[in-house]
Amino acid sequence: MSRIADCFAALKQQKRGAFIPYLEANDPNYQTSLEILNALPEAGADLIEVGMPFSDPMADGPTVQAAAIRALQAGATMQKTLQLVSEFRNDNQHTPIILMGYTNPVEYYGYEKFCQDAEKAGVDGLIIVDMPPEEIENIKPYAIKHQIDIIYLVAPTTSPDRLKLVLKEASGFIYYVSITGITGTSTASNDSLQKAIPMIREASDLPVAIGFGLSTPEHAANAVKIADAAVVGSALLKTLTSTLDEKNQPTKDTVTKVIEHARLLAQGTHSVQK
Amino acid sequence: MRRESDLPLNSLRQGPDDHGRFGIFGGIFVSETLIPLILELQQAYADIQKDPTFQKELDYYLKHYVGRPSPLWLAQRLTDAGQGAKIYLKREDLNHTGAHKINNVMGQILLARRMGKTRIIAETGAGQHGVATATVCALFNMECVIYMGAVDIERQKPNVFRMKLLGAKVVSVTSGNGTLKDAINEGMRDWVTNVHNSYYLMGTVAGPHPYPAMVRDFQCVIGNETKAQILEAEGRLPNKIIAAIGGGSNAIGIFHPFLDDSNVELIGVEAGGMGLDSGETAASIERGSPGVLHGNRTYLLQNEDGQIIEPYSISAGLDYPGVGPEHSWLNDIKRVEYVAINDNEAINAFQLCTTKEGIIPALESSHAIAHALKIAPSMSKEDIIIINLSGRGDKDIDSVAKYLKVEL
């Protein structure tokens, strides 16, 4: 079984939901993002999403945009992002890592080479925000070959008919984008989640993660009452941003504050007995 | 509107395929949230192509509101200056709002109305598309939000004020370099947030399918008229047609009806900026490589890690790091030749056209004029060049004055 499947199977036994924090690779620099990444599992992260910085993150709100710009200014490259995962894997063999980003840097790197190198680095799953099922053939054969799960997004605008198409070949887990909008800008209502998640459950047996609109431990707890995992990104990045100096450099608080915040979010998520 | 069934099988006008592809270019690279809207738009666009009442309605507004057909002007004094081929100007600058942009905007606003949308979102670079969009929104009483880069707002102040007068909300975009690319990002973010009532009115032949095909089809009125007009004036087709390319909507509009006329050479003029190898350029085809941005695969200015490079041109309307996907394809199959004209050459052509013809061309169009003047001398006096004069240059006088170091 893959690390992602193992992880969700274990959580199911423990009757808890998964906490999935998001951080941007190389933000605010390589070393700091590696330290945060290394400390997240102990703080309660069950899986981790690592953002691949892109100059034009169309689906992201101001917080993630700023993180991507900082990362690029600090010299982020795809090669460094993969290296980050690889270094993390030196000491951690069990926490699944999902890379999340946009088509162009992956296409430029080369789909086949990317999947090959990502497997080697210890990447488990991949979310390419602007590559819907209509375009997924670009990378799918290579992802399958190198045992990387392609995580599909489902949105509030996805109709039941379309859901069948989207989920036909989904693997790993399903990422429910809980709001129509960009990351970190608003919060999904409980009502809308109550309606959407059962629809997905009916169409697939895969675990369901909720993301895009969660920022507090309460949101995360709410999400795992209905679904299997809660993704929190912008809220953590806001904490990271608040610790930086005026030149966007990390301070002694950066890693501690982010990890403290992650721990609270994890506690919220894990407070729910499923 | 173009109907595929009328075309011969080997026509170059068949594209895109069902996946929105022109060869390897084009496609539908957007997030899942937008896909259902894109599919709805594809369906709505397919429906109006079969509906004669839509074309009739569009024709009415193009004639009585936009002022079409636009004239094809024999530019005798420019011809004399070039001492070679005869130069004609397709006067898109004479359209209502002063550029070709309104051809597309009128088509899309009528479509948006049929789809029951009440709020229009658009991006703008030079401001011409924003002004055209704000204009039709005023006409049809629709809410209008225009995203414009902060840098462009600074260099196109009159157009910003025009949009505001027309009742549009102009949102200044400071992310990235504060130009057209960033305005598109921000417009798409608005769209994904306001999916239920909003229509994204793309100003150029870029974006996810069906935009590149739809915008092209609405702009083909330029080429269709040109063909009829030159046949009437000269009894034959031109030797060359030249148009400026940012995203490429005016160029595709005049080129497309001539794609199957293999004797007509088509030349797209990109903005060389400070020079193709200066690092300060917007020539995506000549200095870019294939990549994916704003919903489609096309030639992009990007670095060795697939990050988009900020383009540069004196002309805000050409200041885009990509180009419409059909242009990328036309380049690769060598049906259209793509060349570059630098800032200084465009400024010279701007001045020459103004003093010789009494026509102040947009800086965008000045790039096309500059290239025509470059090649006309080596052509025969019997030869014909048609330049798409895509817009008027009143909006650019501040930029030109600054370049010429003139205090206004």
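Residues numbered from 1 in each chain as written. Chains lettered and ligands numbered in written order. Predicted model: local features only at pLDDT ≥ 70, side-chain atom pairs only at ≥ 80, totals over all residues. Heavy atoms only, no water.

**Re the overall build of chain B**
Phase 1: When helices and strands are counted, chain B shows 15 helices and 14 strands.
Phase 2: Taking 408 residues into account, the globule formula puts the C-alpha radius of gyration at 22 Å, and chain B, at 19 Å, falls close to it.
Phase 3: For chain B, the spread of C-alpha atoms along the three principal axes comes to 55 × 50 × 45 Å.
Phase 4: Sorting the 408 residues of chain B into buried and exposed places 65% on the buried side.
Phase 5: For chain B, the share of sequence-separated contacts (at least 6 apart) that also reach a separation of at least 24 residues comes to 73%.
Phase 6: Accessible surface computed for chain B: about 14200 Å², of which carbon and sulfur atoms make up 51%. (Helix = DSSP H or I, 4+ residues; strand = E, 2+ residues; numbered from the N terminus. Rg over C-alpha atoms; globule rule 2.2 N^0.38 Å. Buried < 20%, exposed > 50% of the residue type's maximum accessible area, 1.4 Å probe, protein only. Contact = heavy atoms within 4.5 Å. Areas by Shrake-Rupley, 256 points an atom, 1.4 Å probe, with all protein chains shown as cover.)

**Let's talk about empty space enclosed by the protein**
Phase 1: Inspection of every chain in the model, using the stated rule, returns 8 cavities of 30 Å³ or more.
Phase 2: Estimated volume of the largest cavity: approximately 330 Å³.
Phase 3: Lining the largest cavity are 28 residues, with His100(B), Lys101(B), Gly317(B), Leu318(B) and Glu364(B) positioned closest to its centre.
Phase 4: Within the residue set of the lining of the largest cavity, elements represented by two or more residues are β5 (119-124), α5 (128-139), α8 (180-193), β9 (240-245) and α10 (249-255) of chain B.
Phase 5: Split into classes, the residues belonging to the lining of the largest cavity amount to 8 nonpolar, 16 polar and 4 charged.
Phase 6: Its volume calculated, the second largest cavity comes out at about 120 Å³.
Phase 7: Taken together, 14 residues line the second largest cavity, and the ones lying closest to its centre are Ile128(A), Met131(A), Ile151(A), Tyr152(A) and Leu153(A).
Phase 8: Looking at the lining of the second largest cavity element by element, the count peaks at 3 residues for strand β4 (residues 125-128) of chain A.
Phase 9: Of the residues that constitute the lining of the second largest cavity, the class distribution is 13 nonpolar, no polar and 1 charged. (1 Å grid on protein atoms, 1.4 Å probe; cavity = no way out; pocket = protein on both sides within 12 Å on 5 of 7 lines; lining within 4 Å. Points joined across faces, edges and corners; volume = space filled by probe spheres on them. Nonpolar A, V, L, I, M, F, W, Y, C, P; charged D, E, K, R; others polar.)

**Considerations on the pairing of β5(B)**
Residue and element names in this part refer to chain B.
Phase 1: Of all 6 residues in β5, 6 are buried; the element is thus mostly enclosed.
Phase 2: Here β5 shows no split at all, with Arg119, Ile121 and Glu123 on one side and Ile120, Ala122 and Thr124 on the other all buried.
Phase 3: The sheet contact formed by β5 and strand β6 (residues 143-149) spans 6 bridges and is parallel. In the strand pairing of β6, Glu123 is matched with Tyr147.
Phase 4: The pairing of β5 with strand β8 (residues 198-200) spans 3 bridges and is classified as parallel. (Pairing = 2+ DSSP bridges.)

**Description of the UniProt feature "modified residue: N6-(pyridoxal phosphate)lysine" (unreviewed entry) in chain B**
Phase 1: In this numbering, the UniProt entry assigns the feature "modified residue: N6-(pyridoxal phosphate)lysine" (unreviewed entry) to Lys101(B).
Phase 2: Given the relative accessible area of 16%, Lys101(B) is considered buried. (UniProt positions renumbered as here; feature names shortened; annotations may be inferred.)

**With respect to the packing of aromatic side chains**
Residues and elements named next belong to chain B.
Phase 1: Per the stated rule, a full pass over the model turns up 12 aromatic pairs over all chains.
Phase 2: Between the aromatic rings of Tyr45 and Phe218, the centroid separation amounts to 6.1 Å while the plane-to-plane angle is 70 degrees, which identifies the pairing as edge-to-face. Separated by 173 residues along the polypeptide, Tyr45 in helix α1 (residues 35-49) and Phe218 in helix α9 (residues 211-234) bring together distant segments of the chain. Residue Tyr45 shares its accessibility class with Phe218, and that shared class is buried.
Phase 3: Judged by centre distance (5.3 Å) and plane angle (90 degrees), the rings of Tyr60 and Tyr61 are edge-to-face.
Phase 4: The exposure class assigned to Tyr61 is buried, which follows from its relative accessible area of 18%.
Phase 5: Put simply, the rings of Tyr45, Phe54 and Phe218 touch in pairs and so form one group of aromatic residues.
Phase 6: Positioned above the aromatic ring of Phe258, the side-chain terminus of Lys227 is 5.3 Å from the ring centre. (Phe/Tyr/Trp six-rings, centres within 6.5 Å; stacked < 30°, edge-to-face > 60°. Lys NZ or Arg CZ within 6 Å of the ring centre and 35° of its normal.)

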